[in-house]
Amino acid sequence: TSTVAYYFDMYNLLSEPTLSLWTRQPRPLAVSYPGSVPIGFGTFEVTATFEGSPVGDALVAVRRETDGVFESGYTDAQGKVTFTLDPGPSTVGAMEVTVTRHDCRPHEGTSQVISPDSAWRDHRSHGVDDSAGGDGDGMANPGETIVMPVTVENVGQQPGTGLAGTLATNTPAWAEVLDAAATF
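These lines cover the structure that appears in this document, whether it is placed above or below. Fair warning: this is a prediction, and the values are worked out from it, not measured in the lab.

### Some thoughts on the packing of aromatic side chains
The geometry of two aromatic rings is summed up by the distance between their centres and the angle between their planes.
Part 1 of the reasoning: Tallied over the full model, the rule gives two aromatic pairs.
Part 2 of the reasoning: Residues Tyr6 and Tyr7 carry aromatic rings whose centres are separated by 5.0 Å and whose planes lie at 80 degrees to one another, so their mutual orientation is edge-to-face.
Part 3 of the reasoning: Their ring planes at 40 degrees and their centres at 6.0 Å tell us that Tyr33 and Phe44 sit as a pair that is tilted. One end of the pair, Tyr33, is in the loop between strand 1 (30-32) and strand 2 (36-38); the other, Phe44, is in strand 3 (residues 43-50), and 11 residues separate them in sequence.
Part 4 of the reasoning: For Tyr33, a relative accessible area of 19% gives the class buried.
Part 5 of the reasoning: Over the aromatic face of Phe50 sits the side chain of Arg27, whose NZ or CZ is 4.8 Å from the ring centroid.

Shown next, in the form of structure tokens:
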């Protein structure tokens, strides 16, 4: 019984160390994110505001347990956080979105993962093949010419025809794209 009394005193008098105590009346957060996203969608942006002003340092979690999706992060000074969902959701259903911050009411909501009615291409994978113009180690190294095979899947409900993609670089001083266009 001394152990029971010890823990009773510790948790009631000292509190649980990870418990965030409200120091004023909790404020309601206004949280915005897409109401629905297509299967395989790779990015997801969440914005948190209070009375029109951005809320920074809010903890945001996005989860779809059946597909292995779990991402978390904090909003920036503009009240935004953008997640790269890897893996992306692969089945239809609800994806949970939770936003918390000190002295704010928690937000718990969902975004529906849908299968689009039209054609919808989704980047599934890409690789590096440097066997013909490099050392064959599967990595893009300086001075090598590589082939980058890209796999794209249509996750929509309609066939996709005439779809095209373009590969570009953000660092043209470091990399040159020799054949940027592809059709799928």
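### Some thoughts on the sheet that holds strand 6 (residues 69-74)
Strand pairing in a sheet takes place through backbone hydrogen bonds and is either antiparallel or parallel in direction.
Part 1 of the reasoning: Judged by pairing direction, the sheet is mixed, and its five strands sit side by side in the order 2-9-8-5-6 without closing on themselves. The strands lining the two open edges of the sheet, one partner per strand, are strand 2 and strand 6. On average, each strand axis in the sheet is inclined to that of its neighbour by 20 degrees, with strand direction left out of account.
Part 2 of the reasoning: Across six bridges, the pairing between strand 5 (residues 59-64) and strand 6 is antiparallel. Its bridge partner lying in strand 6, Val60 is registered against Gly73.

### Quick word on the nonpolar core
Part 1 of the reasoning: Among the nonpolar cores identified, the biggest contains 23 residues, and Phe44, Val46, Phe83, Leu85, Met95 and Val99 are the most heavily contacted of them.
Part 2 of the reasoning: Mapped by element, the contributors of at least two residues to this core are strand 3, strand 5, strand 7 (80-84) and strand 8 (93-100).
Part 3 of the reasoning: The biggest single contributor to this core is strand 3, with four residues.
Part 4 of the reasoning: Those residues in contact with Phe44 that lie beyond four places of it in its chain are Tyr33, Pro34, Val37, Val62, Val81, Thr82, Phe83, Leu85, Met95, Val97 and Ser111.

What counts and what doesn't
- Residues numbered from 1 in each chain as written.
- Predicted model: local features only at pLDDT ≥ 70, side-chain atom pairs only at ≥ 80, totals over all residues.
- Heavy atoms only, no water.
- Phe/Tyr/Trp six-rings, centres within 6.5 Å; stacked < 30°, edge-to-face > 60°.
- Helix = DSSP H or I, 4+ residues; strand = E, 2+ residues; numbered from the N terminus.
- Buried < 20%, exposed > 50% of the residue type's maximum accessible area, 1.4 Å probe, protein only.
- Lys NZ or Arg CZ within 6 Å of the ring centre and 35° of its normal.
- Pairing = 2+ DSSP bridges.
- Axes fitted to C-alpha atoms, helices over the stretch in contact; angles between N-to-C directions.
- Core = buried A, V, L, I, M, F, W, Y, C linked by side-chain atoms within 4.5 Å.
- Contact = heavy atoms within 4.5 Å.

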